[in-house]
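Take a look at the letters that make up each chain.
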Amino acid sequence: MNIKNYSKDDLDNILSIKGNSLYSDAFKRLLKNKASLVSLIILLLITLLSIFGPYLLQYDFYETDWNSIYLAPSIESRHYFGTDGNGRDLLVRILYGGRLSLSIGIIATLVSVLIGVTYGTIAGYFGGKLDTIMMRIVEILYSMPYLIFVIILMVIFGRNIYLLFLAIGAVEWLTMARIVRGQTISIKEKEFIEASKSLGQSSFMIIIKHIIPNLAGTIIVYITLMVPSVIILESFLSFLGLGVQEPLTSWGVLISEGSREMETAWWLLIFPGLFMVLTLASLNFIGDGLRDALDPKEY
Amino acid sequence: MIQLIIKRLAIAIPTLIIIIAFVFGLMRVAPGGPFTNERALPPEIEQKINEAYDLDKPLIHQFGIYLSKIAKGDLGPSYKYKDFTVNELILSGFPISLTLGVSAIIISLFLGSLLGIIAAIKRNTIFDYTVMGVSLIGICVPSFVLAPILSLFFGLYLGLLPISGWNGGNIYNLILPVVSLSLPQIAIISRMMRSSTIETLNSNFIRTARAKGMPKRRIITKHVIRSSILPIIDYLAPATAGLMTGSIIIEQIFGLPGIGRYFVVGALQRDYTLVSGVMILYASLLMLLILLSDILRGVLDPRVKIK
Amino acid sequence: METILSVNGLSVNFDTSQGLFKAVDNISFSIEKGECLGIAGESGSGKTQTFFSITGILSDNGTATGIADFNDVDLLKLTEKELSNIRGKKIGFIFQDPMTSLTPHMNIGNQLIEVSMVHEKKTKNEALKKAKEVLDIVKLPRIENLLKKYPHELSGGMRQRVMIGISLMCDPLFIIADEPTTALDVTTQKEILKIFNDLKKFKDITIALISHDIGVISEVSDTILIMNEGHIIEKGNCQEVLISPKHEYTKHLLSCVPEWMK
Ligand SMILES: Nc1ncnc2c1ncn2[C@@H]1O[C@H](COP(=O)(O)OP(=O)(O)O)[C@@H](O)[C@H]1O
Ligand SMILES: [Mg+2]
């Protein structure tokens, strides 16, 4: 092998050039995929609406109006999605709920990515006994009914939204750790890693500078697939009354209220459900599209 | 085979003990939990807890007692229901949850696999697109959205099915809960089965079977299925975990007094002993299922035996 | 001499994401009864797809046009069902990769006997008797024991012998062997080629032997076809072609054969 011929700068150049074109190509391929493109637009729309929508609407999300209880959706009343049993405007509440559901999705995912990537690269990079033990632990945790764990955590430590982020993040990292470990092992074999080692770079620097950038594609794909499962998890807990509490609201809380009142007001169930399902479906399509885009097949 | 079972048990039992230790530890740190000293409980329960767990003895001793009680199948007194033990509560809910869970798992495995195989054989036809489209909905619509919508439609609008209650296990009362519980799993399993069947259909040994002039039906039944079902066997335990958590919601929505119901009530009321009892029951059941799927895999795949 | 297979104007096209790909382009050749035809050419030249198309086992994205008369029946006009009555019964097929070409969850015995049981409606016992016969022909030892084994318990050479055995179950007229020795070591390669020579000599079976290795072909073949990029470049008597190749490409192929083989 002619490892010694690479200088450190060369290596960084090779990697970054290859990396950049790989990702911009992948992005172009993603935009060509119609399902992903439509999903991307829908997701962007829902996100922007959740952030800015409440400022544009004339109703506030806690504003109760006893004269307009259970109003069906209509354009004249300006309650486009109707109102609930307290006369609050459903659309505003859905958008506020979206803020919370989406941010829990993103924050908890980031927590689990952080744990998962650290854990996975360490196990994969150092290998041997350490790897065996670390992966056995993951395997054991994997066979747990983890949602029940989260519920127990919520029971013991009280219903606290920050804890919710942490608890969800703490159970969702397992898949990430497994995938990252597998990828790390295959990247580790590559020539440029050997080269960096022979140049005397520390393991920590090699992981930060060479392994993690090469994992970026995989991590992005799994983020898009993990956010929906976190959103579901949060809604699940909120549905049971163990998650987000009034006066705060999330899609799970709204769906839960809606399902209790569906006999009187179907819109209270259908609209929050629709927003949630659209978001989940979009994220899934984007994830699938990204996976295909980053790993194009021949035929 | 026996070796495999022993090996699996050697992993499963310590795992269970770790879970129990974890649950025990959590209850110790839980404010007002059964293993802490400061708590405000009705005197009857206070006394029962003291009797049950020897709270004046050292910690490790307490854990020993806790563990040996669980090994004997005794989950202790309920923390909130004066007149019941956790065993009694779980036993009263178990038949309901078991009926629900077993029907759901059988239906999801059977329908999911069947739809997946047919979609793979007829890939890129209307049938394939329909199954995949519907299963996509099944994946993106969580059960707590699906279940209320189903009962809104079939129960309230069409008036075809009861939307709540157990009614002694009447089949009509079962339909909506079982369907809402199975649909997401059918969706996942059919997608899994489709892609593994396509992979098998493209493999070299299927080409050999075709070159041998075997009829289509025989190729599918004798050569394809036993290979393509393997990922589903591995998915058995995760599917069960999914159904357990799913049933917590479904029992809530359809007002069924199963274990999941007790779990939620226990969780909301901080009935620590009840919640941890359910947790331990679930974990044991899952271990059993992992063992079962290992055995099944050993039966179906001759390559497993030598490992 | 009696022609057993006569191919006329055969083309194979694949529908790919980059458009239509012509893997085999309007080729014609024939095989006489009892001879061995060698098909040589670099990898990717269309050798395999030629014979996949004739026996109807192309991938879903492939289509074949032309005529392929086998015993005066045009194979390309038959339905899948009619073809499957010929495959395995009158035409045996041996594949390149013995490691993955047997069903992993079926024991060797069952993989053998199902051929006779389906095609000849034999009982299990009759089929087992035949299975033992063919395993003897391919020189596998300890046959009783072997019948109960699974493919993963066998070496590559043994698996390839089993594959040959499978192709012999219904006493076929014609065997197609697609790179049968490519995945095997040199000693096993020699032994397998000897089996083909015996089949030709003693059983009067017609053989199409595909290989990228002219050395392998020259051991068994009477006539030879040289293929390149979906075309037939040269055909004729094996020895004549090898001694005095007319085409540049053939000379190039020959130059790749190690000296001692010639
Ligand atoms: N399913 C397919 N789709 C597209 N192209 C294919 C397919 N199968 C084979 N090919 C192409 O057809 C050509 C001929 O292949 P083949 O006959 O297998 O070559 P060989 O001479 O090595 O046996 C190759 O270029 C191959 O890439
Ligand atoms: Mg070939």
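Residues numbered from 1 in each chain as written. Chains lettered and ligands numbered in written order. Predicted model: local features only at pLDDT ≥ 70, side-chain atom pairs only at ≥ 80, totals over all residues. Heavy atoms only, no water.

A few points about the overall build of chain A
If you tally the helices and strands in chain A, you get 10 helices and zero strands. With 299 residues in all, chain A has 49% of them scored as buried. Nonlocal contacts in chain A, meaning residues at least 24 apart in sequence, comprise 72% of its contacts between residues at least 6 apart. Approximately 14300 Å² of chain A is accessible, and the part contributed by carbon and sulfur atoms is 64%. (Helix = DSSP H or I, 4+ residues; strand = E, 2+ residues; numbered from the N terminus. Buried < 20%, exposed > 50% of the residue type's maximum accessible area, 1.4 Å probe, protein only. Contact = heavy atoms within 4.5 Å. Areas by Shrake-Rupley, 256 points an atom, 1.4 Å probe, with all protein chains shown as cover.)

Section: the interface of chain A and chain B
Reports often express the size of an interface as the amount of accessible area lost when the parts come together. Counting residues at the interface gives 38 residues for chain A and 40 residues for chain B. Regarding the contact of chain A and chain B, the summed buried area is about 3500 Å², with carbon and sulfur atoms giving 85% of it. Taken together, the links from chain A to chain B amount to zero salt bridges. Linking chain A with chain B are zero residue pairs in polar contact (both at pLDDT 80 or more), by the criterion used here. Counting residues per element, the ones that place at least two in the side of chain A that touches chain B are helix H4 (128-142), helix H5 (146-157), helix H8 (203-239), helix H9 (251-260) and helix H10 (267-294) of chain A. Looking at the side of chain A that touches chain B residue by residue, the classes come out as 27 nonpolar, seven polar and four charged. (Buried area = accessible area lost by both parts, 1.4 Å probe. Salt bridge = Lys/Arg side-chain N within 4 Å of Asp/Glu carboxyl O. Polar contact = N/O pair within 3.5 Å; in protein donor to acceptor, adjacent residues only side chain to side chain. Nonpolar A, V, L, I, M, F, W, Y, C, P; charged D, E, K, R; others polar.)

Here's the deal with the site of ligand 1
Of all residues adjacent to ligand 1, which total 15 residues, the nearest are Gly44, Lys47, Thr48, Gln49 and Asn61 of chain C. More than one chain reaches ligand 1: its neighbouring residues belong to chains A and C. Contacts to ligand 1 include Gly46 of chain C, whose backbone N or O atom sits 3.0 Å from an oxygen atom. Contacts to ligand 1 include Lys47 of chain C, whose side-chain N or O atom sits 2.9 Å from an oxygen atom. Computed on the free molecule, ligand 1 has an accessible area of 570 Å², of which 78% lies beneath the protein chains in the complex. Of all the elements in the fold, those that place two or more residues in the shell around ligand 1 are strand S1 (3-16), strand S2 (19-32) and helix H1 (47-55) of chain C. Of all the elements, H1 of chain C adds the most residues to the shell around ligand 1, at three residues. For the shell around ligand 1, the per-class residue count stands at four nonpolar, nine polar and two charged. (Near = heavy atom within 4 Å.)

So, H10 of chain A
Between its terminal C-alpha atoms H10 of chain A stretches 40 Å, which fits the 40 Å expected from 28 residues at 1.5 Å a residue. A large share of H10 of chain A lies buried, amounting to 20 of its 28 residues. (Expected span 1.5 Å × (residues − 1).)

Examining the sheet that holds strand S10 (residues 231-237) of chain C
Residues and elements named next belong to chain C. Ordered in space as S6-S7-S8-S3-S9-S10, the six strands form an open sheet in which the pairing is mixed. Looking at the sheet topology across the chains shown, the edges are occupied by strand S6 (91-94) and S10. Each neighbouring strand pair of the sheet contributes to a mean axis angle of 15°, computed without reference to strand direction. Pairing of strand S3 (residues 36-40) with strand S8 (residues 206-211), which is carried by five bridges, proceeds in the parallel orientation. In the strand pairing of S8, Ala40 is matched with Ser211. Taken strand by strand, H1 contacts S3, S6, strand S7 (174-178), S8 and strand S9 (223-228), and its axis lies near 145° from that of S7. Contacting S6 and S7, helix H6 (residues 156-168) runs over the sheet at an angle of about 170° to S6. (Pairing = 2+ DSSP bridges. Axes fitted to C-alpha atoms, helices over the stretch in contact; angles between N-to-C directions.)

Details of the packing of helix H3 (residues 90-126) of chain A against H9 of chain A
Residues and elements named next belong to chain A. At a minimum axis separation of 7 Å, H3 and H9 run at an interaxial angle of 135°. Regarding the angle of H3 to H9, the classification is oblique. Along the contact surface, H3 presents Arg93, Ile94, Gly97, Gly98, Ser101 and Leu102, while H9 presents Trp251, Gly252, Leu254 and Glu257. Of the residues belonging to the contact of H3 with H9, the class tally is four nonpolar, four polar and two charged. (Parallel < 35°, antiparallel > 145°, perpendicular 65-115°, else oblique.)

Quick word on a positive patch on the surface
A surface patch of like charges, here positive, comprises Lys81, Lys89, Lys90 and Lys121 of chain C. Note that Lys121 of chain C resides in the loop between helix H3 (108-119) and helix H4 (124-137). (Patch = residues over 30% accessible without salt bridge, like charges linked within 9 Å, V, L, I, M, F, W, Y side chains within 5 Å. Lys, Arg positive; Asp, Glu negative; His and termini not counted. Charge placed at Lys NZ, Arg CZ, Asp CG, Glu CD.)

With respect to the packing of aromatic side chains
Under the counting rule described, the total for this entry stands at 15 aromatic pairs over all chains. Plain terms: the ring middles of Trp266 of chain A and Phe271 of chain A are 6.1 Å apart, the flat faces sit at 40° to each other, and that makes the pair tilted. Classification of Trp266 of chain A by relative accessible area gives partly exposed; the value is 35%. Judged by its relative accessible area of 15%, Phe271 of chain A is buried. Ring geometry for Phe153 of chain B versus Phe154 of chain B: centroids 5.2 Å apart, planes at 90°, classification edge-to-face. (Phe/Tyr/Trp six-rings, centres within 6.5 Å; stacked < 30°, edge-to-face > 60°.)

Points about the side chain of Thr50 of chain C
Residues and elements named next belong to chain C. Position of Thr50 among the secondary structure elements: in helix H1. Thr50 sits in the buried class, given a relative accessible area of 1%. What Thr50 contacts, discounting residues up to four positions off in sequence, is Leu10, Val24, Ile27, Phe29 and Met227.

Let's talk about the confidence of the model for chain A
All names here are of chain A. Chain-level pLDDT for chain A is 78 on average; 86% of the residues reach the 70-or-more range. When pLDDT is averaged over each helix and strand of chain A, the minimum, 60, is found for helix H1 (residues 8-32) and the maximum, 88, for H3. For residues 13-18, every residue scores under 50 in pLDDT, and the model assigns this stretch four contacts once sequence neighbours within four places are set aside. (pLDDT = per-residue confidence, 0-100.)

Some details on the nonpolar core
Ranked by size, the top nonpolar core spans 132 residues in total, and within it Ile151 of chain A together with Tyr66 of chain B carry the most contacts. For this core, the element with the highest residue contribution is H8 of chain A, accounting for 14 residues. The residues touching Ile151 of chain A, leaving out its near neighbours within four places in the chain, are Leu237, Leu240 and Leu242 of chain A together with Ile248, Phe263 and Ala267 of chain B. With 88 residues, the next largest nonpolar core counts Ile54, Ile166, Ile175 and Ile195 of chain C among its residues. (Core = buried A, V, L, I, M, F, W, Y, C linked by side-chain atoms within 4.5 Å.)

Regarding the pairing of S1 of chain C
For a regular strand, the rule is simple: side chains alternate between the two faces of the sheet. Residues and elements named next belong to chain C. Inspection of the sheet shows S1 paired to S2 by 10 bridges, in the antiparallel sense. Counted as the bridge partner of Leu5 is Ile31 from S2. Linking two consecutive strands that pair antiparallel, namely S1 and S2, is a turn of two residues. Direction of pairing for S1 relative to strand S4 (residues 62-70): antiparallel, over a ladder of eight bridges. Looking at the pairing, Ser6 lines up with Asp69 of S4.

Observations concerning the environment of Lys130 of chain C
Residue and element names in this part refer to chain C. With respect to the element layout, Lys130 can be found in helix H4. The exposure class of Lys130 is buried, given its relative accessible area of 9%. Each C-alpha atom of the pair Lys130 and Ile226 lies 36 Å from the other, and the pair is 96 residues apart in sequence. If we ignore the near neighbours within four places in the chain, the residues touching Lys130 are Ser116, Lys122, Leu168, Met169 and Asp171.

A few points about unusual backbone geometry
Most peptide bonds are trans, and most residues other than glycine sit at a negative phi. Residues and elements named next belong to chain C. Phi is positive for Arg142, close to 45°, though the residue is something other than glycine. Locating Arg142 in the fold gives a position in the loop between H4 and helix H5 (143-147). Residues other than glycine seldom take positive phi values, yet Asp171 does so here, at roughly 45°. Within the secondary structure layout, Asp171 lies in the loop between H6 and S7. For Asp171, a relative accessible area of 48% gives the class partly exposed.

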